[in-house]
Amino acid sequence: MGLEIEFGQSTTRVVASLDTVVATGLKREADEQGIDVSELIQQILEKHVMDNKLIAATDAMRMQLMKSLVDRAVGIAKRLCRNGQFGPDLTGHTLELCMSDEKWASDYEKYVKDSPYKHGNPLKGRINIELGWAIKNGVGATVAKTVDGKTKKVYVTGAIVQSYTALVNFDEKMVGT
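The rules behind the values
Residues numbered from 1 in each chain as written. Predicted model: local features only at pLDDT ≥ 70, side-chain atom pairs only at ≥ 80, totals over all residues. Heavy atoms only, no water. Helix = DSSP H or I, 4+ residues; strand = E, 2+ residues; numbered from the N terminus. Expected span 1.5 Å × (residues − 1). Polar contact = N/O pair within 3.5 Å; in protein donor to acceptor, adjacent residues only side chain to side chain. Axes fitted to C-alpha atoms, helices over the stretch in contact; angles between N-to-C directions. Left-handed = near helix turned anticlockwise from the far one by under 90°. Contact = heavy atoms within 4.5 Å. Salt bridge = Lys/Arg side-chain N within 4 Å of Asp/Glu carboxyl O. Buried < 20%, exposed > 50% of the residue type's maximum accessible area, 1.4 Å probe, protein only. Nonpolar A, V, L, I, M, F, W, Y, C, P; charged D, E, K, R; others polar.

Visitor: Give a description of helix α1 (residues 20-33) that names residues and reports values.
Guide: Note on helix geometry: an α-helix contains 3.6 residues per turn, so any two residues three or four positions apart are oriented the same way. Taking 1.5 Å per residue, 14 residues should reach 20 Å; α1 reaches 20 Å between its end C-alpha atoms and fits that length. Between the side-chain oxygen of the N-cap and the backbone nitrogen of Val21 there are 3.0 Å, and the N-cap of α1 in question is Asp19. One or two residues past the end of α1 sits Gly34, with phi positive at roughly 75 degrees.

Visitor: Describe in detail unusual backbone geometry, supporting the description with residues and values.
Guide: One non-glycine residue with positive phi stands out, namely Lys53, at about 50 degrees. Its place among the elements puts Lys53 in the loop between α2 (37-51) and α3 (57-82). Look at Lys113: it is not a glycine, yet its phi comes out positive at around 55 degrees. Here Lys113 is to be found in the loop between α5 (102-112) and α6 (122-138).

Visitor: Describe the packing of α2 against α3, listing the residues and the values that go with them.
Guide: At a closest axis distance of 10 Å, the pairing of α2 and α3 adopts a crossing angle of 150 degrees. Where α2 crosses over α3, the two elements pack in a sense that is left-handed. Counting all contacts with α2, which are made through Gln43, Glu46 and Met50, the residues of α3 involved are Ala60, Met63, Gln64 and Lys67.

Visitor: So what's going on with the pattern of salt bridges? Which residues, and what values?
Guide: The full count for this structure, using the stated rule, is 6 salt bridges. Note that Asp51 and Lys47 form a salt bridge whose closest N and O atoms lie 2.4 Å from each other. With Asp51 and Lys47 both in helix α2 and 4 residues apart, this pair spans about one turn of that helix. Between Asp107 and Arg72 there is a salt bridge, with the nearest N and O atoms lying 2.7 Å from each other. Remark: Arg72 occurs in helix α3 and Asp107 occurs in helix α5; sequence separation between them is 35 residues. A residue is classified by how much of its surface remains accessible, and Arg72, at 26% relative accessible area, is partly exposed. Beyond isolated ion pairs, a larger network of salt bridges with shared partners links Arg72, Lys103 and Asp107.

Visitor: Which residues make up the environment of Ala144, and what are the values?
Guide: You can see Ala144 is positioned in the loop between β3 (142-143) and β4 (153-155). Assessed through its relative accessible area of 5%, Ala144 is described here as buried. It is 7.3 Å that separates the C-alpha atoms of Ala144 and Thr165, two residues lying 21 residues apart in sequence. When sequence neighbours within four positions are dropped, the list of residues in contact with Ala144 reads Lys150, Thr151, Lys152, Ala166, Leu167 and Val168.

Visitor: I'd like to hear about the packing of α3 against α5, residue by residue, with values.
Guide: Running from N to C, α3 and α5 point in directions that differ by 145 degrees, and their axes come no closer than 10 Å. Considering how the two elements wind past one another, α3 and α5 form a crossing that is left-handed. Side by side, α3 and α5 meet where Arg62, Leu65, Met66, Leu69, Arg72 and Ala73 of the first sit next to Lys103, Trp104, Asp107, Tyr108, Lys110 and Tyr111 of the second. Across the contact of α3 with α5, the residue classes tally to 7 nonpolar, no polar and 5 charged.

Take a look at the structure:
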């Protein structure tokens, strides 16, 4: 098994070669949970690090807070899809609803350690990327493309994000319709 670790500012990319039976088992578990394999592996590794106290308690609490924020946002996105409210603006609509929930908004502000609407806060980068990614993957959505094949971005003002990726469909099995 080969392992390549690439350290970035707020995330680390890991590339690993897995035995086929391990990869098959992970794929089966990910499918059962309605997530992709990379998300499952991320969850397994984060749980291992936290359970074995390999990181500071404050870092573990911060990771758990982010997971809670992301999970609640994905739940809202799935509900929107089930209720026939899916559209290219699913991510933006989901985040608006999240911010209208007092507890979610308070937890987000706690996570970013500043006003949720303030631009230039480096603590918002990781969570906002994770929110967009998790919403898209949580509903099994496809990214919208422009006529020249580029990812279609939606730019917004007055929101916790400055932009998000437009979506074109969702997977009914993943949202439980």
